[in-house]
Each structure stands twice: as structure tokens, then as C-alpha cells.
4 protein chains.
Amino acid sequence: MPDDAQPLPQGGSLSYATAELARRFRQTRAQTTALAEPLAPEDQVVQPMDDASPTKWHLAHTTWFYETFILTPFAPDYEPFDPHYAYLFNSYYEGAGERHPRPHRGLLTRPTVAEISAYRAHVDRAMAGLLEKLPEQANADIATLTELGINHEQQHQELIMTDLLYLFSCNPMSPAYSSDTPDTGDAAIPLDWISFDGGIRQIGHQAGFAYDNEGPRHDVLLQPYRLANRAVTNGEWLEFMADGGYGQHDLWLSDGWATVQRENWQAPLYWQRAEGEGAWRAFGLHGLIDIDPAAPVRHISYYEADAFARWAGKRLPTEAEWEVASEGIAPEGNSLGTGTFAPKPAQGGEGLRQMFGDVWEWTASPYVGYPGFRAPEGAVGEYNGKFMSGQMVLRGGSCVTPEGHVRASYRNFFYPHQRWQFAGLRLAEDA
Amino acid sequence: MPDDAQPLPQGGSLSYATAELARRFRQTRAQTTALAEPLAPEDQVVQPMDDASPTKWHLAHTTWFYETFILTPFAPDYEPFDPHYAYLFNSYYEGAGERHPRPHRGLLTRPTVAEISAYRAHVDRAMAGLLEKLPEQANADIATLTELGINHEQQHQELIMTDLLYLFSCNPMSPAYSSDTPDTGDAAIPLDWISFDGGIRQIGHQAGFAYDNEGPRHDVLLQPYRLANRAVTNGEWLEFMADGGYGQHDLWLSDGWATVQRENWQAPLYWQRAEGEGAWRAFGLHGLIDIDPAAPVRHISYYEADAFARWAGKRLPTEAEWEVASEGIAPEGNSLGTGTFAPKPAQGGEGLRQMFGDVWEWTASPYVGYPGFRAPEGAVGEYNGKFMSGQMVLRGGSCVTPEGHVRASYRNFFYPHQRWQFAGLRLAEDA
Amino acid sequence: MPDDAQPLPQGGSLSYATAELARRFRQTRAQTTALAEPLAPEDQVVQPMDDASPTKWHLAHTTWFYETFILTPFAPDYEPFDPHYAYLFNSYYEGAGERHPRPHRGLLTRPTVAEISAYRAHVDRAMAGLLEKLPEQANADIATLTELGINHEQQHQELIMTDLLYLFSCNPMSPAYSSDTPDTGDAAIPLDWISFDGGIRQIGHQAGFAYDNEGPRHDVLLQPYRLANRAVTNGEWLEFMADGGYGQHDLWLSDGWATVQRENWQAPLYWQRAEGEGAWRAFGLHGLIDIDPAAPVRHISYYEADAFARWAGKRLPTEAEWEVASEGIAPEGNSLGTGTFAPKPAQGGEGLRQMFGDVWEWTASPYVGYPGFRAPEGAVGEYNGKFMSGQMVLRGGSCVTPEGHVRASYRNFFYPHQRWQFAGLRLAEDA
Amino acid sequence: MPDDAQPLPQGGSLSYATAELARRFRQTRAQTTALAEPLAPEDQVVQPMDDASPTKWHLAHTTWFYETFILTPFAPDYEPFDPHYAYLFNSYYEGAGERHPRPHRGLLTRPTVAEISAYRAHVDRAMAGLLEKLPEQANADIATLTELGINHEQQHQELIMTDLLYLFSCNPMSPAYSSDTPDTGDAAIPLDWISFDGGIRQIGHQAGFAYDNEGPRHDVLLQPYRLANRAVTNGEWLEFMADGGYGQHDLWLSDGWATVQRENWQAPLYWQRAEGEGAWRAFGLHGLIDIDPAAPVRHISYYEADAFARWAGKRLPTEAEWEVASEGIAPEGNSLGTGTFAPKPAQGGEGLRQMFGDVWEWTASPYVGYPGFRAPEGAVGEYNGKFMSGQMVLRGGSCVTPEGHVRASYRNFFYPHQRWQFAGLRLAEDA
């Protein structure tokens, strides 16, 4: 999903308990601020590649969203904090006017972190005032858009973490976001295969908040299939590498092979081989540390996920297979709220593990609209639909996805060459 | 399909009447040669962009295919014409060794056209000798690979025409391939909608020769839908343009809009506006001539097809919808054999028109493998499967597709920004 | 001069009064720190283009110079502040080992501004200790290298200002470095021509500190010539623009014209035209303000200077003409020490004005070595000689050149397309 | 000199014997045609890099020159051969209107070689008619411009050879232009040093035809110096390579070192190392053959020439040193007329050898105008002056420079990274 993708409630309007909405608004805002807490101002201003925006920009853009889509149209006395910000902090909404070019976000040393903090406070106060005036059961645009704003901000919480990780990885001093030492030593549970029947099933969103791209709910036709009970591990990835996986053209899609050659990929993003030793270490939010063979592999592209599956004699699941299989599994796991900042080895229990949290799972499904999908009118209609070409669907959430953000029908999407998200894979096969 | 894509027979081996096979081989070879007949040697050597290879290269590469995959392994006394050619004329077969870089095909002024003509004759003689020795009913690798070679060469016949058109379009003198003046003045039949039921249906190849990517035949689940009875016309495209279609961001996919802006697209490829007059003309194989409003629009990208459909309040068909709808329609139409070298207005009759020939039709389907698809082993296994990312499926064939080359299950594929093929669109909608 | 060019004392060793040297060291260090005083940490970390390094990097690199070339070899007990810094803060000294790639300087959010401040203090203490131990009249490597380090740091003071200006110019909010409003309203003195005789004269450095590229002193042969008494003004530049100067190919060098077309130059760097009004404003260290017609034009390339001179029916002076003409003129003027941060209109008096300060003056001389020039051995020998191709000489210093840094023989150099320095021009003609 | 540089007579008009002029015109035209004789049409159409134009283009452009600057203005009844050609075959004359972009010259497969041959015949006839009508002693624009056209065409004769060599070098089959085997086995004469006095001397053109950039003749001041008696040989270059010359940063200019790294230069252009053997061969107009250690090194850049001289403890001569030293030496040598198509080892005799012919010699002088130089008005004034930035002067002519084209004052110029000309070097030192 682009660094500034934002969801639209699909289907009709929702009904909200206003107090609960206000509480969630405050909580989300505070969580975002807390993520930037360990950072110096210097860390928050640089854009290390087009895809990875500065923390400062995320802090401002999420705030701009409430200002632009809620306060300006609905709060009669609202005064914009600074007239420049409408231009500076629009991400990609053509419908919301001209905007600062995305690759130049890192050139904006002003407004400073302190000024953006004041901007956040200004908008928070206005939003609190606005939400206070809603009836107890709000069933209206403001509530719906606030819900959208909260979800939007949660997406940017994840991006703050992944963009920062990319930034820190460019520094030869290997700075760590978290000074905790992650637990290692746990083995992962053995690989096992869970079977599912074929037939006509339904996927797509059913109730509660969801983005527009999760619907309409519709029938899909499945053949019997099996999913691996857990994500592919670093240890399994090392076997792929040891078997020359990055050097065998016949494992790769043509575009993938061209990328491997051009970029000289020999391992997942952030892996480094210690001089002389031959052992790999991986850079992460705890700095540069030894590979944990039991933990899920992370920061791989779709091309790599696809090549691995071919090497293993398996395939990636389709998004329909994934979603049907996830029925009855609570959307909880090792997410941002746990504070681990890294995927962990799969643990105990029967059935599918790690469906939510740890790593996003690349699927075999190109990201296109479901049958009957139409993007809503207006600027918020630019949220998802216009990205429906050239990208692949990922499912399930990662270790830096905020608690409560994902669900079974949630569709994330990235280009097949992109690696800076916490993305891994789960194998599938025909039954 | 890449300029050198080649099909693989899918499923088991086929049974061939040898004499018929030899006749078709000779005929195909002669057709290729005839296409280059109107060209000067100078026209056959230049590569105007990475995607568009020189005629000379196509003439040699199609010959190399028989030499490499048939004569060298199966004809015991065969002497390669020139040892350099294995390197020079391999297109993309990693399994067939190193090759001359694709963007450098236009640097090879030697071998000359005359030398390649001698190469063709050399291989033709050897192939004739080999086919003569086959039993009357050949059911073997040689026949299967010869069939593949014939189909492969037919694909390159189409590419000779589209690559040459692109080359000539770069010349301010607007040279014409054909000196005939195309007929114009016919109106197209009115737009009509043909309805199809939903339900579980089957798509994929059934019998006879097909490429690997056309199978396995499998169930698909359709919702009731309608297809337009004919392709979108130039006249309809002019309405889209007059309505500001190239300037309205909300009609476009995000990647498409970026391409429109970057490339400054304002009309289909090859359209030029006469100075001062405001009227558009289009460059084609007959040179630069007035737009025929009744003829199908040609040389548009997927992005443009998708934007047009959105503007029209419709959508593109999926490839399954297209294939199911084509049942019972003979795969014949305005193809290379007619010598028109341009799409023509849809004429008379009930039901779907122009399903085969005239223009390839962009579908809404990303090009991925069918359920259960596995690429064959070895170099010929690189034919289709490795291209299954980032491209979109087109169906039906064009005015420069050789007679008899396509069928209902035929899947062509190109990247969504590519425009140098004779590609247009047909609209669809939910019933 | 590259953003990290550094001079070498030319000729033999110099004799220094140690106390004076120590005082100048402390003063220079304090001046650098003072320049960064008005900046937020955010302003000090970003690299807006390859040529313009972050303030933070300049603060560290100037410090690294003393550490690498003086403290490490000569101070027996010296402990490097951080072992990473040798790699991070080397600019281009191949002889000093591997270094962080120049275009990636802006990715280093760590060390922070505060940490670099501590680094500066650490090196300052060690340098103070070392200088204290020198004999009263130091005539040795340490003194010579300290002198070099001071001059090196002065160059980076200028670069801090020009790089920051470029960075701020990328921000649509047009932040100002200085909140003072510059004086305007003074007229410039009228243009006048000062004559000089031809004959054999000498140029090159004579006594005191100088960079290696300023020698050897040598004979030059001049024809009689005239120099303008002052720099070309903004007002004169507006006439050039009004006369279509940026649109007449025959005024331009071929490479210059290609640059004008490619970059769409229509005015000096930093000039903006106010919407609708037709009046130009210029961005500078005081923000975006009205053009002062009497002040020297600034931020032009060599190509523009050369085209202007041709338009005016004049030419640029050679560096020899400039140097000979400057004899007897004290190297003082509107420099960094004045705190104006902008060139000012030429004022009163006879003879040549503005020879030092205000703007660097492009000459007609390519930057090559003087007859007999040889670069010194070792890493400091990389200071100047290796840049002797493709660049043009500028003379005289600018409004952000530190007091006392330049002299008559001083040779600055930049590529002919570069515009981010405070560069202008003075006209010349044959007598 | 750019592939289409053209000279302007400097100084006043010249007096010509018309019959002699007409003879030289015919001879030059015939020589050009003869150069293309061994080529297939395919060889004449491709542009392998921006700098290297197709033979066909050279054949047409030299013809366009007479048509545009002589026939159209001066021959009242002249009918242009084809109205498109004014656009297609203008090289860089802004004053002669819009032109086909230089990097796209290789896209023009039409007009064909045969059509351009007809174009040449058409213009030759018209020129013959025009010259016939001149008085016996022509002292007029037509004669002057014809002289210019002849010299212009001679330059393109050289470019036909160097551009073709580059084209053929891109073909893995290593085609040869000439089927002769070049003589080898001669030793070069030993290196010797020839001394010259210092003092005030004169350089620049004196009498007869010359380009505008060769004047005005003017005083220069020289210090005593020595020149090597011959060009640097391949054998000496191998010593430089064996000593790690391409790997020692301190031998190189900064821009040169960056080029070495980026382009991975390890030897002169066209050198290839035979697999396994360690011996170098060089591609040339005779194909790929063994290096002749006694022959002058060819196809090196200025950066390489400069690095070699530094390695050798010497320097390159200035153009003034070269020109003064050449006094009294006839401008003859191993040039295009000899048909050797390769530089040969220096042979016998005292004093300077190989000053003319064999290889162009890079000098230490940037290409700028002489004191008092002004480019003439109008389109022919674009001949030389506008290229006076960023390039270096070469002197003396090469083995593919036409007989009689060069003289002592002749100034050739190329960018310091360019290698596709027959360029080598001669060493110099201070006396």
C-alpha cells in the first residue's frame, strides 16, 4: 500500500458510540506520537528513498487528513493552522488540489518537529471540540470520516516504522530504534499442512468498518487446497540460498530475474554477511543482529516469495484461499502493540498459526477490484481503487501493524519488487 | 507478448499428418519472407526502441528456433550455418545459453539481409529433409516442436509488422509499408449489448495445438454480464478526448495517470494533429492518413482502455467472460491474410462482431497462471510462464495476426503502458 | 571548488607565531559554530543535491581534517572520538581510505548535531593541547597543516551558507536565514572602464599562505585591456532578459544552450516571477525579496556570464588580466564578516570597485595548472590539482567568503553549469 | 570536433583558380563515395551512439551543406532534391532552422543509400554548373564557401571512418572494413627529446585556407621545453598498464578517475584480452588483430593521456608548444590517402617524427578562443566558436585524416572522455 494509502468505509454508513470514537481518536493520536518519542529531530526529517517518507511528514500528513476532510468542511469556526500545510502535506489526493512532490518530502526541514507537534495539538483540540458536539450515537459523515482518519493514521504508524528502518539501514553505524535485545532461541513449530475444501465460498467484508477495496462481498470458486501452518522461516530461507536460489534463472519470473541481476540481490533486504565468517546478520529495529533461524523471514519481495515457493515445489496461496482459511481466527497476533518490533517464531497449537501479525504474507493474487467494485466519488474515493494495477495483494498484518487494524478481509498491496515492508510468505499447494 | 515470446504445446503430444505439417512449415516460411519483400535492406536493420526488433533479426531468430531446438538435437548430420548465430539470435532463453543483449539488436549490421536469406534457405533445406523422414503419422518431439516453431514464427510475423510500423513512425517523411489506399466511408454498426448468463463455466484449451499458458482447462464462476457487440471506434475515442478524457485524473489508474503526465499523452499512439486544422490523422501501415471514425481505435495502452471504460460508465471484460462469450464463434476475421493491414469498421449481423482480428482487446485480467499451471522443463519451458507478472491479458488477434494463429483460448499479454501493438478494447458491464 | 576542496601551502614551509596561530584556530572554529546558530537541527541534516552537503556534515568534516591530518599522526596520545568518523567524514581523499559516498551524506541522521558538537569540542581540546606545546616560532608540519586546516574550514564556512541557501530554496515556505531586511535603494555607481597596459607581467602567489594551485609565480604575456569598474548589476541583467537573452542561440556556447533548453533557464537561479505581476523576486539568505537593480547579479553559471558578455559586445577577463589588475588593491570588501549575506551596490571612488567580496567573478580561463605546477605527494596533494579539468576559474570572493580568506592570487573554480555559489561577472574588453 | 563541425575561412576572402577548385570539389566528392564502397547498405544506416552518425547521414549531410549554403542562395534555378532534406540533414546549425535530433539519425532508414546517391549526383551536377560560370580567378563568396564545403566534407570523411569503426566494434563477429593485413614487425625508433627555446613566439594561421578558430595569429610566451620525437607506443602503454596505471587514483584527474571507475576502463578503447592467454588484441579497421607494440597507441581519452604523462614523470605539450615546434615540418604523413587505416611505427630520421598523421595528439590546452577571436555572423559562424567550452585541443591529424586537410595551425577538439577518434599522445617536459 502506498505510504499514504487511506481507506474508505465500504458500504453504507456506520453507527458509532461517540464517546468510544473520541477515545479511540485520542488513543491513536497518542500512539503515533509515542512512536516518534525515541527519535532525534534529525531522524525525523530525511527521506532515504521515494517510497520512505520522513517521520515528520507522517506526523503532519495524518493531521492534515482530519483538517482537510473533517475540520475544514464541518467545523464552522475552524482556522487552519498554517495555509501552506494544505499544499505541503497532501499525499496524492488529486481532488484535494496541488501538492508538494512526493520525492521532495525530505527537503522540507521546516516546519520543524516542534512546529508539527504544535500543529498536531491544534488539530487535536479542534477535533475534540467537534466530536463532543456529536449526538451520542453518531451516524453521520463526521463519525465515518473520523473512523477513516483513525484507520488512516494506523497505516501511517506502520509506515513510520518501516520507513525509519529503511533510513537507519543507510547509516553505516547501524543505529537501533529499540535498545531491547529480542528473545531468540525458541524453535519454530514443525511445518504442517492444513487442508481446505473446494466449492463456492464467499469473501469480502461483512460488517463493521472496512476499506472500500474489501468489498463487495462475493462468491468465489475454490478447488481443494492446503496451507502451511506457519510462515516460512529464516532457516528455510537459508536452505534456499544455500541451494543457489538466487542464481537459478528457472526459479524466477522474468521481471524478478531482471531485478535480481540489476540489484544484485543475494539475500533478503537488510541481510549482511559478516566479513570472513560467512554468517549472515540482519538489520532491524534492534540494530544489526544475528539471524534467528526460527523466526519468519522478512523484507522479501513478491519475486523472491514466488521463487522460493517454486523452489520448494509449492506455490503461494491466492487471496481467496487465504481469506476463506482465516475464518474463525481472531485477527490478533504479534503486532505493534506487543513492542517486539520483530516477527517471532511460530508457537504451539493446532491449525494455522501466525495468520495475523509477524509478517505480511504475499499472495499469488494481483491487486484488482472485486466484481462490482466502484470507487466512491470525490477525493476520498482516491483511497484504493486507483492503485489497482501492477501490485500484488498481501494479507494478515505484521509485527508493526497497530493492534486492531487488520481483519480477515483486509487487503494490503505493494509492487512486486518492493521489500521495505515486513513482508514474508506462507506456502500453499493443491490438495 | 514479448517480441520473442514462444508457445509450448500444452498437455500431451499431438498427432500430425507429416505431409500437412511440411506444407504448413513451407507456407509459414514463405509468408514471413513475403512480409519483408517491400522493404529495403536499410529498413530491416534498425531497432527504434528496445521493444521493437529489426526485421532482419526476426527473420534470423525464427530460423534459429528450428536450428536450436530441432535440427541441432535431432538431425544427426546437421551443420550450423554459422557458429556465431547461436549467440546472436537467441532471444531470451536462459536455458539456451548466453545471448546478444536485446537492446543491442539494432547494432548488428552484419550478417546482412542477404546472408540471413541464405541462412533461412540453409535451415529450410535441412528441415525439409528431416520432415521427409518422419513416419506418415508423426507423433513425436520433432513434429510437436515443428508445430511450435510454426506458431512461434507466426507470432514474429505479427511483430515484424508492429515493429516496422513503430520504426517508420520515427521518420518525419512518414513512409508507407503498403501503397494501397484503405477503404473508408463505411459506417460501423450501432453499439449493442449481448447478454451472458452467470454460473460455473469452463475456460482453457481443449484440443489441438495450444500454448502452455492456455491450460489447464478449469472451472470459473461468472456473474451474469453483457459485452458490447463490437470494438470501440475512433469516433467514440474522439468523444472521450473532446470530453477531456486525457486530462481528468479521476478516470485513470494512478500508474496510468503518471504515465499520461510523464509522456504527455493526449491521443492514441500514432495520432497527429494537422497544424492549424484541429483534425487528427493517424500513422499506419498505409502512411499518415485521416482518422476513420468508424474503424476500431488502435494502439492504445491498457491504461487508456481502462480510463475510457470508466469514462463510459462501463468496464473491461475479464478474460473468462471474453472466452466464454466467444464459444461457437469461428476464430476468423480481418487478419494478416486479408492484406488490409488496418482494422476495419464492424459490419452486419447479429451478436458479437470482431471477436477475432482487427484489434487485440485489452481485458481486465492480469496475466497469471491458471489453477494448476506448471511451466514445462527446459528451455522451451521459458516460453510463457516466466512472464506472468505485471502484464495484462489481451484476447482475439489483430489485423496483423496471421490467419489461423489464434483461437478462443489464446492469451496474449503486454505491459499496461505498451502501445505499439494493434490493441483496442471492447466494453463490458454487469447484467 | 568542490564542497570539500582544501588548499595546500605552496612552496616551502612557513614560519608562524604560535600564539597567533592558536588564536586564529579558535576564532575560526567559533565562527563556524556561530554560522549554524540560527538553524534548527532539522536544517542541518538534509542534502538537497549532490553538490550541497548538510551543515552537520560540514561541521564534522572540518573537524575530521584536523583529526586525520594533524592529531592522529602528530599527537601521540590522541584518541579518535569515534572510529566510524574516519569513514563517514572523509570527503574525497582517496589517500585517506574508503569513504561514505558523497551523494549519501544526507542519509546520516546520526551522529546528531549534539554529538557532532561534542566531536568538535573533543578535537578543539586536543588541538589546543598540541598547539600549546609548539615552540614560539613554529616552522613545522603541525603549524603548516593547522594553517591549512583553518583555510580549509573557511572554505566550508562559505559552503555552509551556499548549501543552506540551496536547501531553503527547495522549501515552498521560503524560510530566511537572516531576519534582517537588507538595505536597498542605493544606486550603483555608473559603469566605467579602467585601462591596463600589455606586456610581460607576473602572476601567482608571492608570500604568506597560499594554496598549491596559486603557484608557481610565472610570467604571462598580456595585450592592453580594459576592465569594468564594477560587477554587472541585476538591472543590467534585466535588460539582457528583456532583450530575449535566454532565447537567442547565437549568444550561447553550445553546451550552454543545451543546458538552457534542458533546464528551461529563463533567469538566474533563485529568481521567481510573482504571479500576474511580471516582476521578479529573488530568494536569498533573507528570504524571498524584490530584486535590487543596483546590486550585482548573483547565482549565474559561466554559460550565462559568457552569454551576457557576448550580448553586451564585451568579453570576460582572463584570470591573468584580473590578477594583474588587482595589484595594490587590498583583499577586503563585502564579505561574510559584514553580516550582510548579500552583495551590495558598488559605491564611490575611482578605479576598480568590488574586486573582493560581493560576488565571485567568472573569468574566461579554464582551470588548469600553471607552468611547472606539480601537486604535492600524499593525501593533501589531492587538494587542488586533481580538479584541473572541465572547470572555470573565478576570482575575488563573495559576500559569504570569510574575512581574510582570499587574496589576489586566489583561484576558485567551478563547473560552467553550476549556479549555487554567489557568482557574478565583471566585463572586459580589448584596449 | 563534433561529428559535424565545420570550418569557416578566417580573415578576408581568398583568391582561387576556378578550374582547380572545381577539380578539388570533384575529387573530394569521389573520395567520400569511395570510402562507402566496401559497405553494405545495412552498414550505412545505424547510429551506434549519439556521437557516431550513420555513413548514410554523412553522405547526405555533406551534400546538404552545398545545397543550403551555396546552391540555394546563389544558383537561381536550383531545385532542392527533396524538401524534407533541409530538416533531416542539418547537423547543428541553429541559424539554418529546425533539424532532426542528432540522437535519432539512426532511425532514418529512408532515404535509402540509393536515394542519397541520387541526391549527391543531383547536387554535384548543380555545383559543376555553378562553378563553371565563375570567372577564372574567383574571389567571391561562392569560391570561399566551396572551399569551406570541401574542407567540411574532408572532416566527415574522417568521421565516416571513426564512426564506422565504432559501429563494427559493437558486433561480436568483429567485421573488418579492410581485408588487407597490416604490416607489423617494424620496431619504432627510440624515444628521444627535442629541445626548443622559450621567448615570445607567434601562433595562429598565416596564409591560405583556415578555419576561423585558427586565428587571429598572436604572440605567445613560452618557457624552454622539450618534446618527444615520436608518439607514445602500444608497448609503452602496456608498461603503464602492467604498472597498474588504471588502478592508481593519484595518477588521474578527479573527473578521469570517476570515468575509469564508472566505465571500468582497463585499457584503451577497442582493446580486448584473449580468454585465458593474457595477451591483448585490438579491434580496428582490419578487424581484431594482435597489438603491435611499436605502433602509436590509439583511441585513448584525454584523461588517459594525462594520466600516462603523469605516470611517466612528464606532461602533455600545450598547443602553442606543439605549433611552434612544428614550424618547417610539412603537414604530411600516414593519412587517409595511404590506405593503411592504422597508425604505423615511427621511422628513421632526426627530429620530430609523426607530427602529422598516425594519431591526433592530445594537448594540455583547453579549447578556447585566441585573443581577439570573434565568430563570424550567420549560420556558418556556428562552425567553431560555440564549441569553446569543456573540450581539449588535439593537434596533427590521424591515419584517417584526408591528405592535405591539416596544417600546423589546425585545432581539433574533443571532450576529455571521448575515445572513438584515432587519438594518442606525445610527451613533453620543461627544459
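Residues numbered from 1 in each chain as written. Chains lettered and ligands numbered in written order. Predicted model: local features only at pLDDT ≥ 70, side-chain atom pairs only at ≥ 80, totals over all residues. Heavy atoms only, no water.

Before going further, it helps to spend a moment on the interface of chain C and chain A. Across the boundary between the two partners, chain C contributes 31 residues, which contact 31 residues of chain A. For the pair chain C and chain A, the two sides together bury roughly 2,400 Å², of which 66% comes from carbon and sulfur. When the area that chain C buries against chain A is broken down by residue, the three leading residues are Glu42, Arg110 and Met173 of chain C, summing to 30%. Between chain C and chain A we count two salt bridges in total. Between Asp43 of chain A and Arg110 of chain C there is a salt bridge, with the nearest N and O atoms lying 2.6 Å from each other. The interface formed by chain C and chain A contains eight residue pairs in polar contact (both at pLDDT 80 or more). Of all the secondary-structure elements, those providing two or more residues to the side of chain C that touches chain A are α3 (85–88), α4 (113–132) and α5 (141–169) of chain C. Per element, the largest residue contribution to the side of chain C that touches chain A is three residues, and it comes from α3 of chain C. (Contact = heavy atoms within 4.5 Å. Buried area = accessible area lost by both parts, 1.4 Å probe. Salt bridge = Lys/Arg side-chain N within 4 Å of Asp/Glu carboxyl O. Polar contact = N/O pair within 3.5 Å; in protein donor to acceptor, adjacent residues only side chain to side chain. Helix = DSSP H or I, 4+ residues; strand = E, 2+ residues; numbered from the N terminus.)

Our focus in this paragraph is the relation of the copies chain C and chain A. If you rotate chain C by 180 degrees and push it 0.1 Å along the axis, it lands on chain A with an RMSD of 0.0 Å. Considering both components of the superposition, the chain copies are consistent with a two-fold axis. For chain C, the residue whose C-alpha comes nearest the rotation axis is Glu42 of chain C, separated from it by 2.6 Å. By residue overlap, the copies meet face to face through one surface: 100% of the interface positions of chain C are interface positions in chain A. (Least-squares fit on C-alpha atoms with pLDDT ≥ 70 in both.)

Attention now moves to the relation of the copies chain C and chain D. Between chain C and chain D, the superposition needs a rotation of 180 degrees and an axial shift of 0.1 Å, giving an RMSD of 0.0 Å. In this assembly, 100% of the residues forming the interface of chain C have copies in chain D that are likewise at the interface, indicating an isologous arrangement.

So, about the arrangement of the chains. At no point do chain B and chain C touch; the closest pair of C-alpha atoms across them sits 15 Å apart. Nothing in chain A touches chain D; the tightest C-alpha to C-alpha distance between them is still 15 Å.

By convention, interface size is frequently given as the accessible area that disappears when the constituent parts associate. Taken residue by residue, the interface counts 27 residues in chain C and 27 residues in chain D. Between chain C and chain D, a total of about 2,100 Å² is buried, with carbon and sulfur atoms accounting for 57% of that surface. Our count for the contact surface shared by chain C and chain D stands at zero salt bridges. Seen at the junction of chain C and chain D, the total is six residue pairs in polar contact (both at pLDDT 80 or more). Its residues assigned to classes, the side of chain C that touches chain D comprises twelve nonpolar, seven polar and eight charged. (Nonpolar A, V, L, I, M, F, W, Y, C, P; charged D, E, K, R; others polar.)

Turning to the environment of Glu147 of chain A, a few remarks are in order. All names here are of chain A. Tracing the chain through its elements places Glu147 in helix α5 (residues 141–169). Its relative accessible area of 4% is what places Glu147 among the buried residues. The sequence separation of Glu147 and Ala22 amounts to 125 residues, and the corresponding C-alpha distance is 9.7 Å. Glu147 has contacts with Tyr16, Leu21, Arg24 and Phe209, leaving out every residue within four places of it along the chain. (Buried < 20%, exposed > 50% of the residue type's maximum accessible area, 1.4 Å probe, protein only.)

We now examine the sheet that holds strand β3 (residues 193–196) of chain C. All names here are of chain C. The three strands are arranged β3-β6-β14 in an open sheet whose pairing can be described as antiparallel. Both edges of this open sheet fall to β3 and β14 (428–430), since each of them pairs with a single strand only. Recorded for the sheet is a direction-independent mean angle of 25 degrees between the axes of neighbouring strands. As defined by bridge partners, β3 adjoins strand β6 (residues 225–228) across four bridges and the pair is classed as antiparallel. (Pairing = 2+ DSSP bridges. Axes fitted to C-alpha atoms, helices over the stretch in contact; angles between N-to-C directions.)

Attention shifts here to the pairing of β6 of chain C. Taken residue by residue, a regular strand's side chains alternate between the two faces of the sheet. Note that β6 of chain C and β14 of chain C share three bridges and pair antiparallel. What sits directly across from Leu227 of chain C, in β14 of chain C, is Ala428 of chain C.

Before going further, it helps to examine the sheet that holds strand β12 (residues 412–414) of chain C. What holds strands together in a sheet is hydrogen bonding between their backbones, with the strands either parallel or antiparallel. All names here are of chain C. In spatial order, the strands read β12-β11-β10-β13; together these four strands make up an open sheet with mixed pairing. With one partner strand each, in any of the chains shown, β12 and β13 (423–424) form the two edges of the open sheet. For strand β11 (residues 392–395) and β12, the ladder comprises three bridges, and the chain directions are antiparallel. Looking at the pairing, Met392 lines up with Phe414 of β12.

Time to look at the packing of helix α1 (residues 18–36) of chain B against helix α4 (residues 113–132) of chain B. Residues and elements named next belong to chain B. Put simply, α1 and α4 touch, their axes get as near as 10 Å, and they point 170 degrees apart. Classified by the interaxial angle, the pair formed by α1 and α4 is roughly antiparallel. Of the residues in α4, those touching α1 at Thr18, Leu21, Ala22, Phe25, Arg29, Thr32 and Thr33 are Arg120, Asp124, Met127 and Leu131. Within the contact of α1 with α4, the residues separate by chemical class into five nonpolar, three polar and three charged. (Parallel < 35°, antiparallel > 145°, perpendicular 65-115°, else oblique.)

What the rule picks out here adds up to 88 salt bridges over all chains. The partner of Glu147 of chain B in a salt bridge is Arg24 of chain B, with the nearest N and O atoms 3.0 Å apart. Of this pair, Glu147 of chain B sits in helix α5 (residues 141–169) while Arg24 of chain B sits in helix α1, and the two are 123 residues apart along the sequence. As a salt-bridge pair, Arg102 of chain C and Asp51 of chain C come within 3.4 Å of each other at their nearest N and O atoms.

Residues Trp237 of chain A, Trp237 of chain B, Trp237 of chain C together with Trp237 of chain D are the most contacted members of the largest nonpolar core, which totals 489 residues. Ignoring sequence-local partners within four residues, the contact set of Trp237 of chain D consists of Val232, Tyr246, Pro268, Trp271, Val297, Ile300, Glu304, Ala305, Phe308 and Leu425 of chain D. (Core = buried A, V, L, I, M, F, W, Y, C linked by side-chain atoms within 4.5 Å.)

In this section: the packing of aromatic side chains. Evaluated as defined, the whole model comprises 128 aromatic pairs over all chains. The interplanar angle of 10 degrees and the centroid separation of 3.9 Å between the aromatic rings of Tyr367 of chain B and Phe413 of chain B together place this pair among those described as stacked. Pair noted here: Tyr367 of chain B is in the loop between β10 (360–366) and β11 (392–395) and Phe413 of chain B is in strand β12 (residues 412–414), with a separation of 46 residues, a long-range link. The exposure class assigned to Phe413 of chain B is buried, which follows from its relative accessible area of 0%. Look at Phe414 of chain B and Trp420 of chain B: their rings are 5.6 Å apart centre to centre, the planes differ by 85 degrees, and that puts the pair in the edge-to-face class. With a relative accessible area of 4%, Phe414 of chain B lands in the buried category. On the basis of relative accessibility, which here comes to 3%, the residue Trp420 of chain B falls in the buried class. Site record: aromatic cluster; members linked through ring pairs are Phe25, Trp64, Phe65, Tyr66, Phe69, Tyr92, Tyr93, Tyr367, Phe387 and Phe413 of chain A. Just above the ring of Trp265 of chain A sits the side chain of Arg419 of chain A; from NZ or CZ to the centre is 4.0 Å. (Phe/Tyr/Trp six-rings, centres within 6.5 Å; stacked < 30°, edge-to-face > 60°. Lys NZ or Arg CZ within 6 Å of the ring centre and 35° of its normal.)

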